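Coordinate inspection notes
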Amino acid sequence: MFFDFGIKDIIDILLVGIVLYYVYRLMRESRSLNVFVGITIFVVIWLLVSQVLEMKLLGTILDKVVSVGVIAIIIIFQEDIRKFFYNIGAHQRMRRLLKLFMPKHTKDKNQEQLKRDIMPIVMAAMQMSKGKVGALIVIERDSSLADIIATGEVVNANINQRLIENIFFKNSPLHDGAMVVSKHRICAAGCILPVSHNLDIPKELGLRHRAALGMSQESDALVVIVSEETGGISIASKGQFRLRLSAEELEAVLTEELS
């Protein structure tokens with residue numbers, strides 16, 4: 001007996017494969033890979049028992065476990081699921097497509113404002129790098145950082161080089177936390193960021209870098225880091241580092257990512 005196998009079935013299999021691949025990547029990044037493998041093995045056993053072997057009693061028990069297990073999985077992995085759907089909605093290609101319909105004068109105005117926002121950050125990072133002053137600057141994009149801002153002290157000031165340097169001055173009470181830039185303003189300082197538990201982070205990178213990476217994994221924010229040990233300037237974006245940047249490279253990356 002041959003199966004009726006057509007082009008629609010091939011597309012179906014490919015789509016399932018793509019979904020499983022992205023779920024696998026998501027689980028690997030969140031250190032839940034073993035859980036994913038365990039769930040996959042359980043589903044295979046459930047299908048084998050209920051569909052292939054048609055064992056009614058065991059199949060019924062596993063059916064009940066699966067119906068409850070779906071709710072349990074949603075509760076356990078709610079943050080991972082939220083991140084998965086957020087990444088779909090915030091896809092870079094979709095945002096670029098929308099920008100094609102933006103009027104030219106609006107684009108020029110946005111570029112001027114962007115330069116006014118970026119240059120104080122670049123100049124402050126360069127000065128702090130020379131003095132080996134540690135800094136952590138979070139720049140909000142589409143994803144709201146209201147929950148992060150709430151963990152720090154409200155500043156609500158224009159983006160200013162000297163203010164940034166004063167916030168991260170070693171004797172400042174706010175120098176240990178992160179500064180958040182949102183809507184062309186310095187919104188808050190001394191903020192607490194989620195720390196990444198990624199085991200692949202180089203050992204020479206400290207807690208400041210782990211916090212920056214954690215922030216970039218949970219949102220679309222850009223995070224500028226100045227190392228207190230080496231004075232090196234880095235950027236964390238989309239769960240990845242760009243290390244040892246010069247002032248010119250920092251400006252170029254910020255302009256590219258924020259434009």
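None of the values given here were measured: they were computed from a predicted structure. (Residues numbered from 1 in each chain as written. Predicted model: local features only at pLDDT ≥ 70, side-chain atom pairs only at ≥ 80, totals over all residues. Heavy atoms only, no water.)

**Notes on helix α10 (residues 247–258)**
Along an α-helix, a turn takes 3.6 residues, which lines up residues three or four apart on a common side. This is how it is decided: The secondary structure listing takes helices from DSSP runs of H or I that are at least 4 residues long and strands from runs of E that are at least 2 residues long, numbered from the N terminus. Expected helix span is given by 1.5 Å per residue-to-residue step, counting one fewer step than there are residues. Each residue gets one of three labels from its accessible area relative to the maximum for its type: buried under 20%, exposed over 50%, partly exposed in between, using a 1.4 Å probe on protein chains only. Note that the arc is defined by the directions from the helix axis to the C-beta atoms.
Spanning 12 residues, α10 covers 16 Å between terminal C-alpha atoms, matching the ideal 16 Å at 1.5 Å per step. For α10, every residue scored as buried is listed here: A247, L250, V253, L254 and E257. One face of α10 carries all of its buried residues, which in axial projection span an arc of 130 degrees. Exposed positions of α10 whose direction lies more than 90 degrees from the buried face are E248 and E256.

**Here's the deal with the nonpolar core**
Spelled out, the test is: Think of a nonpolar core as a cluster: buried Ala, Val, Leu, Ile, Met, Phe, Trp, Tyr and Cys residues, connected wherever their side-chain atoms sit within 4.5 Å. The contact criterion used throughout is that any non-hydrogen atoms of two residues lie within 4.5 Å.
Ranked by internal contacts, the top residues of the largest apolar core, which has 29 residues, are I137, I164, F168, L250 and L254. Broken down by secondary-structure element, the contributors of at least two residues to this core are α6 (104–130), β1 (135–139), α8 (161–167), β3 (178–182), β4 (185–191), β5 (222–226), β6 (233–237) and α10. A per-element tally of this core places α6 first, with seven residues. Among residues more than four places away in sequence, those in contact with I164 are P120, I121, A124, M128, I137, I159, M179 and I186. Ranked by size, the runner-up nonpolar core spans 18 residues in total, among them A178, A188, A221 and I225.

**Details of the environment of I45**
Position of I45 among the secondary structure elements: in helix α2 (residues 33–52). Sequence separation between I45 and G59 is 14 residues; the distance between their C-alpha atoms is 9.7 Å.

**Here we look at the environment of I73**
Along the chain, the position of I73 falls in helix α3 (residues 56–76). Measuring from C-alpha to C-alpha, the distance between I73 and I39 comes to 9.5 Å, with 34 residues separating the pair along the chain.

**Focus on the environment of V181**
On the secondary structure map, V181 appears in strand β3. Overall, the relative accessible area of 6% leaves V181 in the buried class. The spatial distance from the C-alpha of V181 to the C-alpha of A157 is 9.6 Å, given a sequence separation of 24 residues. Here V181 is in contact with I121, I137, V138, I139, E140, I159 and I186, once residues within four sequence places are set aside.

**A look at unusual backbone geometry**
Phi is positive for K238, which is not a glycine, with a value near 55 degrees. Turning to its location among the elements, K238 is positioned in the loop between β6 and β7 (240–242). Note on K238: relative accessible area 48%, which makes it partly exposed. Located in the positive-phi region is R244, a residue other than glycine, with phi close to 50 degrees. Residue placement: R244 occurs in the loop between β7 and α10. Classification of R244 as exposed rests on a relative accessible area of 68%.

**With respect to the pattern of salt bridges**
Going by this rule: A side-chain nitrogen of Lys or Arg and a carboxyl oxygen of Asp or Glu constitute a salt bridge if their distance falls within 4 Å.
Counting across every chain of the model gives five salt bridges. Here E228 makes a salt bridge to R208, at a shortest N to O gap of 3.7 Å. Remark: R208 occurs in helix α9 (residues 207–218) and E228 occurs in the loop between β5 and β6; sequence separation between them is 20 residues. You can call R208 buried: its relative accessible area is 18%. In this structure, K238 engages E257 in a salt bridge whose closest nitrogen and oxygen atoms are separated by 3.8 Å. Of the two residues, K238 sits in the loop between β6 and β7 while E257 sits in helix α10, which places them 19 residues apart along the sequence. It is possible to trace a salt-bridge network through shared partners that takes in R141, K238, R242 and E257.

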